[in-house]
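Single-letter residue listing:
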Amino acid sequence: MKTIIEPFKIKSVEPIYMTTREQREEKLRHAGHNLFYIPARDVIIDLLTDSGTSAMSAAQWAGIMRGDESYAGSESFYRLEEVIKDLTGLTYIIPTHQGRAAERILFSACAKSNAVIPSNSHFDTTRANIEYSGAEAVDLVTEEGKVPSLVHPFKGNIDTKKLEKLIKDRGPERIPLCMLTVTNNSGGGQPVSMANIRETSDICRSHKIPLFLDACRFAENAYFIRKREKGYEGRSLKSIAQEMFSYTDGCTMSAKKDGLVNIGGFLGLNNREWAEKARNLLIMTEGFPTYGGLAGRDLEAIAQGLVEVLEEEYLRYRIRSVEYLGEGLQKQGIPIIQPPGGHAIYIDAKTSLPHIPQLQYPAQALLCELYTHAGIRGVEIGSVMFGKKDPQTGDETPHEMELVRLAIPRRVYTQSHIDYVIEAAGEVYTQKENIQGLRIVYEPPLLRHFTARFEPF
Ligand SMILES: *Cc1c(COP(=O)(O)O)cnc(C)c1O
C-alpha cells in the first residue's frame, strides 16, 4: 500500500475554531504582526512548535491515573527509571521539569574555569545555560549541514576534524564534556549518523572527555539511521537507540519531544560525583530526586511515551508526515531546507521573497501572510530572532538565513490538515509579490522575537 495512514484512532477531540480572513487581519493588527501574541484559539493549524504539543495515548492517560504521588520513592519514578536505564544503559537517572532544567543542573555540576563545551549545534537553551555557567559553547556542525539546498543523509553530523583540532588547541582538560544534539534542532532537525556518534565517542574517550547526547529527538534520529545508514536496515529501532546511547556517558532530554508528553525531562549520567552534585542542585530548585519538579503521573506518562515513541508504525508515520509536507511544498516550487528533517519543515523566505530586504524581515512577513490567508502559525528563524543590533549606533546585521519553520506536533494533525497547509502555502506563493516587508515599532533588549511589535512598510 502506498498510503501510510495515521496509526491511531481518535478518541478525544478538541475543536478548531474557524475564522475569516477579515477577522484574522484584525487579530494580526492587534497582535502587532507577532504570532506569539495571537491567542491559540484564533489559530487554525498551529505549527509553532513540536515541543509539549504531543497528543498522549490511551495508555499514557491510564498511566496518569496510576501515578504514585508519594513525595519520596514514588513507584512511578522506579517505573520511569527502569525504562530509561533499559534504553540508555546509564547509571543515574534524574527527572527534571523540562530539558533546560537538566541542562542547568548538568552544567553547574561539571563547571570549571575557562571551560569549553563543543557540540554539533547547541540548542538555544543549552547555549544559554553553558554561557550562564561561565563556559564557552562551540558549534562544530559539518560543512554539508550549512548548505540549505544540499541533499545529504546526515547533515546533523559534527565535524570530527574540527573537534580534534579544538581539543588540541584548547586542551582536553578545559573540556568537561562534549555534546551531540540528536536530531540537530538548530540545524533543521537533521540526523547524526551512528558512525559519527561512534567516531566522536572514540575521539572523546581517547582524551577522557565524556560524551553526552542532547537526546530530545533520539527516536526520530534512530529512524533516520535505519533508513539511511548501511548495516542498520534490519535492526529494531530500540536496538539502534540503545546503540546510540551505548557510545555516551550521559544525556539531557526534554520529554516534551520524543517523550510524547506535555511536560517533563531528565538527566542521565554515569559519573557518580556529578550525579551527587546534580541531585543536590535538584533538591534546591526542582524537587526531591525521585520526582524532580514533576508529579508522579507525569513520570508515568513519560515512561509510557518513551516506549511508544520507538514503535515501528509510529515512527514510519511520523517521519513520513513531515516529509509529505516538504514534498507538497516543493512540488509548488516553494524552496525548503533539504532534505526534510524529523520534526519540521523550514521554508527559505530569503529566496522566496527577493523583493523584501532582509531588514524588512521576509520570513516574518511570510508567516503573517500564512496566518491571514489560512490561520496557520509557524515561527520565524531569521533576522527577527538572530539579527544583531549595535547598541551604540542601532545598526542591525541580518542573520545569514531567513526561515519560516513549520514544526509538526506529534499525533495531533491528520493528513487532511497537512493537505490544507500545502494548499494554503501554494496559494500564498502565487501572490507572493504582494507581500509587504515589516518594520519593528517596539522591541525589548533581549529575545525580541517573543514580544516585538511590527507594522507593514
Ligand atoms: C527543546 C529542546 C531543549 C530544551 O528542552 P525544554 O524542555 O524546552 O526545556 C534542549 N535541546 C533541544 C535540542 C531541544 O529541542
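Residues numbered from 1 in each chain as written. Predicted model: local features only at pLDDT ≥ 70, side-chain atom pairs only at ≥ 80, totals over all residues. Heavy atoms only, no water.

A. Quick look at the overall build of the chain. The secondary structure content of the chain amounts to 16 helices and 16 strands. For the chain, whose C-alpha radius of gyration is 22 Å, the value lies close to the compact-globule estimate of 23 Å for 457 residues. Once the C-alpha set of the chain is aligned to its principal axes, its extents read approximately 60 × 55 × 45 Å. Per-residue burial over the chain gives 56% buried out of 457 residues. A fraction of 72% describes how many contacts in the chain between residues 6 or more apart in sequence connect residues 24 or more apart. Surface summary for the chain: the accessible area is close to 19,900 Å², and the carbon and sulfur share equals 53%. Side chains of the chain give 54 positive and 59 negative charges; the mean places of these two sets differ by 1 Å. (Helix = DSSP H or I, 4+ residues; strand = E, 2+ residues; numbered from the N terminus. Rg over C-alpha atoms; globule rule 2.2 N^0.38 Å. Buried < 20%, exposed > 50% of the residue type's maximum accessible area, 1.4 Å probe, protein only. Contact = heavy atoms within 4.5 Å. Areas by Shrake-Rupley, 256 points an atom, 1.4 Å probe, with all protein chains shown as cover. Lys, Arg positive; Asp, Glu negative; His and termini not counted. Charge placed at Lys NZ, Arg CZ, Asp CG, Glu CD.)

B. Spatial organisation of the site of the ligand. As a structural note, the neighbourhood of the ligand is formed by 14 residues, with Arg100, Asp214, Arg217, Ser254 and Lys257 the closest of them. Separating an oxygen atom of the ligand from a side-chain N or O atom of Gln98 is a distance of 2.9 Å. Alone, the ligand offers 380 Å² of accessible surface; in the complex the protein occludes 97% of this. Counting residues per element, the shell around the ligand draws most heavily on helix α4 (residues 99–109), which supplies three residues. (Near = heavy atom within 4 Å. Polar contact = N/O pair within 3.5 Å; in protein donor to acceptor, adjacent residues only side chain to side chain.)

C. Just the sheet that holds strand β7 (residues 250–254), in detail. Spatially, five strands are ordered β2-β8-β7-β6-β5 in an open sheet, and the strand pairing comes out mixed. Single-partner strands in this sheet number two, and they are β2 (92–96) and β5 (178–181). For this sheet, the mean inter-axis angle between neighbouring strands, taken without regard to orientation, is 15°. Where β2 meets strand β8 (residues 265–269), five bridges bridge the pair, whose relative direction is antiparallel. If you follow Ile94 over to β8, its bridge partner there is Leu267. (Pairing = 2+ DSSP bridges. Axes fitted to C-alpha atoms, helices over the stretch in contact; angles between N-to-C directions.)

D. The arrangement of the pattern of salt bridges in detail. Taken as a whole and judged by the stated rule, the model has 38 salt bridges. Here Arg318 and Glu220 are joined by a salt bridge, their closest N and O atoms 2.9 Å apart. In this pair, Arg318 is assigned in helix α12 (residues 312–331) and Glu220 in helix α8 (residues 218–228), connecting sequence segments 98 residues apart. Take Arg318: its relative accessible area is 1%, and that puts it in the buried class. A salt bridge links Glu308 to Arg411, with the nearest nitrogen and oxygen atoms 2.9 Å apart. With Glu308 in helix α11 (residues 296–308) and Arg411 in the loop between β14 (403–407) and α16 (415–430), this residue pair connects regions lying 103 residues apart in the sequence. For the pair Glu308 and Arg411, one class covers both residues: buried. (Salt bridge = Lys/Arg side-chain N within 4 Å of Asp/Glu carboxyl O.)

E. Main features of the sheet that holds β14. Taken in spatial order, the three strands make up an open sheet running β9-β14-β11, and their pairing is antiparallel. Taken across any chain shown, the strands that pair with only one partner, and hence form the sheet edges, are β9 (344–348) and β11 (379–381). Taking the axes of each pair of neighbouring strands and ignoring which way they run, one obtains an average angle of 30° across the sheet. As paired strands, β9 and β14 are joined by five bridges and run antiparallel to one another. What sits directly across from Ile347, in β14, is Val404.

F. Seen up close, the domain arrangement of the chain. For the chain, the domain assignment lists domain 1 (21–50 + 312–456) and domain 2 (58–308). Of note, the centres of domain 1 and domain 2, computed from C-alpha atoms alone, are 28 Å apart. Listed by partner, the interface residues are 21 residues for domain 1 and 26 residues for domain 2. Together domain 1 and domain 2 conceal approximately 2,000 Å² of surface at their shared face, both sides included; 54% is due to carbon and sulfur atoms. Contact with domain 2 buries surface across domain 1, with Leu315, Pro339 and Arg410 losing the most and accounting together for 25% of the total. On inspection of domain 1 and its partner domain 2, the count reaches seven salt bridges. For Lys227, the salt bridge is made with Glu323, and the minimal N-O distance between the two is 3.6 Å. Where domain 1 meets domain 2, there are 13 residue pairs in polar contact (both at pLDDT 80 or more). Broken down by element, the side of domain 1 that touches domain 2 gets its largest block of residues, seven residues, from α12. (Domains from an automatic or database assignment. Buried area = accessible area lost by both parts, 1.4 Å probe.)

G. A look at the packing of α4 against helix α10 (residues 272–285). One way to put it is that α4 packs onto α10 with a least axis distance of 9 Å and a crossing angle of 130°. With respect to each other, α4 and α10 are oriented oblique. Every pair of crossing elements has a handedness; the one defined by α4 and α10 is right-handed. Contacts from Arg104, Ile105, Leu106, Ser108 and Ala109 in α4 reach Trp274, Lys277, Ala278, Leu281, Leu282 and Thr285 in α10. Of the residues belonging to the contact of α4 with α10, the class tally is seven nonpolar, two polar and two charged. (Parallel < 35°, antiparallel > 145°, perpendicular 65-115°, else oblique. Left-handed = near helix turned anticlockwise from the far one by under 90°. Nonpolar A, V, L, I, M, F, W, Y, C, P; charged D, E, K, R; others polar.)

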